[in-house]
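Structure assessment
The residues making up each chain are set out below.
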Amino acid sequence: MPGLLLGDEFPNFEADTTIGRIKFHDFLGSSWGILFSHPKDFTPVCTTELARASKLSDEFKKRGVKMIALSVDSVEDHRNWSKDVMGFNDEADGPLPFPIIADDKRQLSVQLGMLDPDERDKDGMPLTARCVFVIGPDKKMKLSILYPATTGRNFDELLRVIDSLQLTAQKKVATPVDWKPGQKVMVVPSLSDAEAAALFPNGVTTKEVPSGKKYLRYTQP
């Protein structure tokens, strides 16, 4: 994703959405945010993704995360598509619980490096890939994931990642492979044993390895 790296301030773009025109930083306020792009409205994989995101919207809300989607179609198309998304969830009368950005001119998709060169619409125009951006309350990008248009995302994994980001933003720990909330975490290497002992009252355990190095330190946050 050229020009936008982890730790960079996320662009304060203006855009038309299904809830009106927004300035992105104002939309986020002091919250965390997740922006996820979709190749096109009224397409099968995208519909299943938005439906799953809708099902999990309360989980994102619990974590103080504002959700917003993006697709290269008009606001009118987004609103009509939203009815299909909610119908897929057997909630046809309910509103989609997050807005969708209309990027029909692909300006934002180009700015954020989201176009998939291998996937095009019937007019030969490139579609957006399946991007995910997580933005912190400081408006800086904390995570980016890029999937091809042909691969749907796992929104339960996105919640797990957000749990890790929020935990490690507050404590000097890192989350190991397949970590889930409630499980032990790892003490960051920059902390001395004395510092770790002072910071983690639940104690620190060290796993022995053949090298004899004491770097696999675990604690309960």
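These notes cover the structure that comes with them. (Residues numbered from 1 in each chain as written. Predicted model: local features only at pLDDT ≥ 70, side-chain atom pairs only at ≥ 80, totals over all residues. Heavy atoms only, no water.)

**A short note on the environment of Glu-59**
Of note, Glu-59 is situated in helix α3 (residues 57-62). Of the residues examined, Glu-59 reaches a relative accessible area of 27% and is grouped as partly exposed. Sequence separation between Glu-59 and Ile-162 is 103 residues, and the spatial gap between their C-alpha atoms is 11 Å. (Helix = DSSP H or I, 4+ residues; strand = E, 2+ residues; numbered from the N terminus. Buried < 20%, exposed > 50% of the residue type's maximum accessible area, 1.4 Å probe, protein only.)

**So, the state of the cysteines**
Two cysteines whose sulfur atoms are joined by a covalent bond form what is called a disulfide. On inspection of all chains with the given rule, the structure shows 0 disulfides. Cysteine Cys-46 shares no disulfide, and the gap to the nearest cysteine sulfur, in Cys-131, comes to 12 Å. Of the residues examined, Cys-46 reaches a relative accessible area of 1% and is grouped as buried. Note on Cys-131: relative accessible area 2%, which makes it buried. (Disulfide = S-S within 2.5 Å.)

**Things to note about the pairing of strand β9 (residues 141-147)**
With 6 bridges connecting them, strand β8 (residues 130-135) and β9 associate as antiparallel partners. Bridging from a neighbouring strand, Ile-135 pairs with Met-141 of β9. In this structure, the hairpin formed by β8 and β9 is closed by a connection of 5 residues, where Lys-139 is found at a positive phi of approximately 70 degrees. (Pairing = 2+ DSSP bridges.)

**A few points about the side chain of Thr-219**
Turning to its location among the elements, Thr-219 is positioned in strand β13 (residues 217-219). Judged by relative accessible area, Thr-219 falls into the buried class, the value being 1%. Polar contacts involving the side chain of Thr-219 include one to the main-chain carbonyl oxygen of Gly-203, which spans 2.7 Å. What Thr-219 contacts, discounting residues up to four positions off in sequence, is Val-173, Lys-184, Val-185, Val-187, Phe-200, Gly-203 and Val-204. (Polar contact = N/O pair within 3.5 Å; in protein donor to acceptor, adjacent residues only side chain to side chain. Contact = heavy atoms within 4.5 Å.)

**What to know about the pattern of salt bridges**
As a working rule, side chains carrying opposite charge can pair if their charged atoms are close by. A complete count under the given rule lists 14 salt bridges for this structure. Ionic pairing is found between Arg-21 and Asp-16, a salt bridge with its closest N-O pair at 3.0 Å. On the accessibility criterion, Asp-16 (38% relative accessible area) is partly exposed. A network of salt bridges, in which partner residues are shared, links Glu-59, Lys-62, Arg-63 and Asp-163. (Salt bridge = Lys/Arg side-chain N within 4 Å of Asp/Glu carboxyl O.)

**Examining the pairing of strand β4 (residues 65-71)**
The buried fraction of β4 is high, at 6 of 7 residues. Sheet topology note: the strand β3 (residues 32-38)/β4 ladder contains 7 bridges and is parallel. In the sheet register, Gly-33 faces β4, and the bridge partner there is Lys-66. Sheet topology note: the β4/strand β5 (residues 100-102) ladder contains 3 bridges and is parallel.

**Considerations on the packing of aromatic side chains**
Evaluation of the coordinates by the stated rule reveals 6 aromatic pairs. Centre to centre, the rings of Phe-13 and Phe-24 are 4.7 Å apart; their planes meet at 15 degrees, and the pair counts as stacked. Taken as a pair, Phe-13 in the segment before β1 (14-17) and Phe-24 in helix α1 (residues 24-28) lie far apart in primary sequence, 11 residues in all. A single burial state applies to Phe-13 and to Phe-24, both of which are buried. When the ring of Phe-36 is compared with that of Phe-98, the centres are 5.5 Å apart and the planes differ by 70 degrees; the resulting orientation is edge-to-face. Of this pair, Phe-36 sits in strand β3 while Phe-98 sits in the loop between α4 (75-88) and β5, and the two are 62 residues apart along the sequence. You can call Phe-98 buried: its relative accessible area is 3%. (Phe/Tyr/Trp six-rings, centres within 6.5 Å; stacked < 30°, edge-to-face > 60°.)

Just distances and angles here, no functional claims.
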